[in-house]
Amino acid sequence: MSLPIAAPPPAPPAPSRWSAATPRGRAARLGAVAALLGLLVACGVPICPFAIVTRHPCPGCGLTRATLALAHGRVAEALHFHPLSPIMAPLVIAALAYNAAIYVKDGRVAATESVQGAWVTRLGVALAVLMVTVWVARFFGAFGGPVPV
């Protein structure tokens, strides 16, 4: 007597081409987030949680406006918004672009965490110390004082 053979389980449905399981879906989601942030910036809505809660600028406050000024070639205005913008803007843009590319391609988030080494750590610490130093100095009137929130 033969035993009945069980039918194989049904194959899982193919993911929608717009789901996070596909590069197209990840790109669409990333585009939606970028569009929302762009709309907020264009409308002048503050996006800094520190500034929203404390009503004081954070160490990075002014960098978005400074980056936009740099993109339009207004270096003096960018330096007024944040004196470290010529250094920080390209680094942040490069990190965001790298993370976005890896997210769309592989689905990994925080891809820059894989960039490691003593020089990366030293550079990160030095930039953090520099950002906080400029932040504190601006409260004492240096570099035109604190950026308006």
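Just above sits the structure.
Residues numbered from 1 in each chain as written. Predicted model: local features only at pLDDT ≥ 70, side-chain atom pairs only at ≥ 80, totals over all residues. Heavy atoms only, no water.

Novice: Could you give an account of the overall build of the chain, with specific residues and numbers?
Specialist: From N to C terminus, the chain includes six helices and zero strands. The secondary structure elements of the chain, listed N-terminal to C-terminal, are α-α-α-α-α-α. In summary, the chain has a C-alpha radius of gyration of 23 Å against a globular reference of 15 Å for 149 residues, an excess of more than 25%. Taken along the three principal axes of its C-alpha coordinates, the chain extends 95 × 40 × 30 Å. (Helix = DSSP H or I, 4+ residues; strand = E, 2+ residues; numbered from the N terminus. Rg over C-alpha atoms; globule rule 2.2 N^0.38 Å.)

Novice: Break down the packing of helix 3 (residues 63-71) against helix 5 (residues 85-106) for me, with residues and values.
Specialist: Viewed as axis vectors pointing N to C, helix 3 and helix 5 meet at an angle of 95 degrees, and their least axial separation amounts to 10 Å. If you check the angle between helix 3 and helix 5, you find them roughly perpendicular. When helix 3 is examined against helix 5, the residues L63, A66, T67 and L70 are found in contact with a partner set consisting of S85, P86, M88, A89 and I93. (Axes fitted to C-alpha atoms, helices over the stretch in contact; angles between N-to-C directions. Parallel < 35°, antiparallel > 145°, perpendicular 65-115°, else oblique. Contact = heavy atoms within 4.5 Å.)

Novice: How would you explain unusual backbone geometry if you had to name every residue and give the values?
Specialist: The phi angle at R55 is positive, at roughly 65 degrees, despite the residue not being glycine. The exposure class of R55 is exposed, given its relative accessible area of 67%. (Buried < 20%, exposed > 50% of the residue type's maximum accessible area, 1.4 Å probe, protein only.)

Novice: Before we move on, could you go through helix 1 (residues 23-42) and cite the residues and values that matter?
Specialist: For helix 1, with 20 residues, the first-to-last C-alpha span of 28 Å sits near the 28 Å given by 1.5 Å per residue. Where helix 1 ends, the next residue or the one after it, G44, has phi of about 75 degrees, a positive value. (Expected span 1.5 Å × (residues − 1).)

Novice: Hey, could you go over the pattern of salt bridges for me, with residue numbers and the actual values?
Specialist: With the rule as written, the count across this model stands at two salt bridges. A salt bridge links R74 to E77, with the shortest nitrogen-to-oxygen separation between them at 2.5 Å. The partner of D106 in a salt bridge is K105, and the shortest N-O contact between them spans 3.4 Å. (Salt bridge = Lys/Arg side-chain N within 4 Å of Asp/Glu carboxyl O.)

Novice: Could you give an account of the environment of A100, with specific residues and numbers?
Specialist: Tracing the backbone through its elements, the reader meets A100 in helix 5. Spatially, the C-alpha atoms of A100 and V75 are 27 Å apart, while their sequence positions differ by 25 residues.

Novice: Explain the nonpolar core to me, using residue names and the numbers behind them.
Specialist: Membership of the largest hydrophobic core is limited to nine residues, which are C48, A51, C58, C61, A66, A69, A78, F81 and V147. Elements with a contribution of two residues or more to this core: helix 3 and helix 4 (75-81). In contact with C48, not counting residues within four places along its chain, are C58 and C61. With six residues, the next largest nonpolar core counts L63, L84, M88 and L127 among its residues. (Core = buried A, V, L, I, M, F, W, Y, C linked by side-chain atoms within 4.5 Å.)

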